[in-house]
Amino acid sequence: MTSKTARTAPTARTAPTAWASRTALAEPAADVPDTRWWGVPLAATVLAPLLSLVTAVTADLFTDALPVFLIGCFVLPFAAIVPAWCLARTRRARQARYGLAAVGCLLAVAYPWLVETVGVVVFLAMLLTGLGHP
């Protein structure tokens, strides 16, 4: 007597490949709504001003910098984080939300170095091209 529940051994023709099984599972799950889409943008929105404040105090921007540079210290990270709130709320956009949040927090930390580097490059370009002379 043969049992109808007995399994047959997979053959080369019926066995799924690793690539086929991964893509078959990954594609439908990509458009599934992400229920916790707001976690990463919220964390970055809270963390970026704190990082900006610590960086501004450490770099002494409150006493030495122009107000434009101080305002930029807080606005530039938010300019990178805001698109993370506007992305589609699916799992496919999760990686983009992580990336935008990381860029915003990195800008909050690296802002004084970024301003100094841009200033030095502009100064050297003006000096070498002769635009610094009246």
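Placed above this text is the structure.
Residues numbered from 1 in each chain as written. Predicted model: local features only at pLDDT ≥ 70, side-chain atom pairs only at ≥ 80, totals over all residues. Heavy atoms only, no water.

A. A look at the pattern of salt bridges. What the rule picks out here adds up to three salt bridges. Two residues, R92 and D31, come together in a salt bridge whose shortest N-O distance is 3.3 Å. Taken together, the residues span a long stretch of sequence, with R92 in the loop between α4 (67-86) and α5 (94-129) and D31 in the loop between α1 (18-30) and α2 (39-58) at a distance of 61 residues. The shortest N-O distance in the salt bridge between D34 and R94 comes to 3.0 Å. Of this pair, D34 sits in the loop between α1 and α2 while R94 sits in helix α5, placing them 60 residues apart in sequence. Taken together, the salt bridges that share partners define one network made up of D34, R94 and R97. (Salt bridge = Lys/Arg side-chain N within 4 Å of Asp/Glu carboxyl O. Helix = DSSP H or I, 4+ residues; strand = E, 2+ residues; numbered from the N terminus.)

B. Structural view of unusual backbone geometry. Even without glycine at this site, D60 takes up a positive phi of about 60°. Following the sequence through the fold, D60 ends up in the loop between α2 and α3 (61-64).

C. Fine view of α5. Spanning 36 residues, α5 covers only 45 Å between terminal C-alpha atoms, well under the ideal 52 Å at 1.5 Å per step. The largest bend along α5 reaches roughly 65° and is located at A110, with the proline P112 sitting one to four residues downstream. Structurally, α5 contributes buried residues whose contacts are with α2, α3 and α4. A positive backbone phi angle near 85° is found at G130, which sits one or two residues after α5. (Expected span 1.5 Å × (residues − 1). Bend = angle between axes of the 7 residues up to and from the residue. Contact = heavy atoms within 4.5 Å.)

D. Here's a closer look at the packing of α2 against α5. The interhelical angle for the contact between α2 and α5, taken along N-to-C directions, is 5°, at an axis separation of 8 Å. Considered as vectors, α2 and α5 are oriented roughly parallel to each other. For the pair α2 and α5, contact is made by V40, P41, A44, L47, A48, L51, S52 and T55 and by R97, Y98, A101, C105, A108, V109 and P112, respectively. Residue composition of the contact of α2 with α5, grouped by class: 12 nonpolar, two polar and one charged. (Axes fitted to C-alpha atoms, helices over the stretch in contact; angles between N-to-C directions. Parallel < 35°, antiparallel > 145°, perpendicular 65-115°, else oblique. Nonpolar A, V, L, I, M, F, W, Y, C, P; charged D, E, K, R; others polar.)

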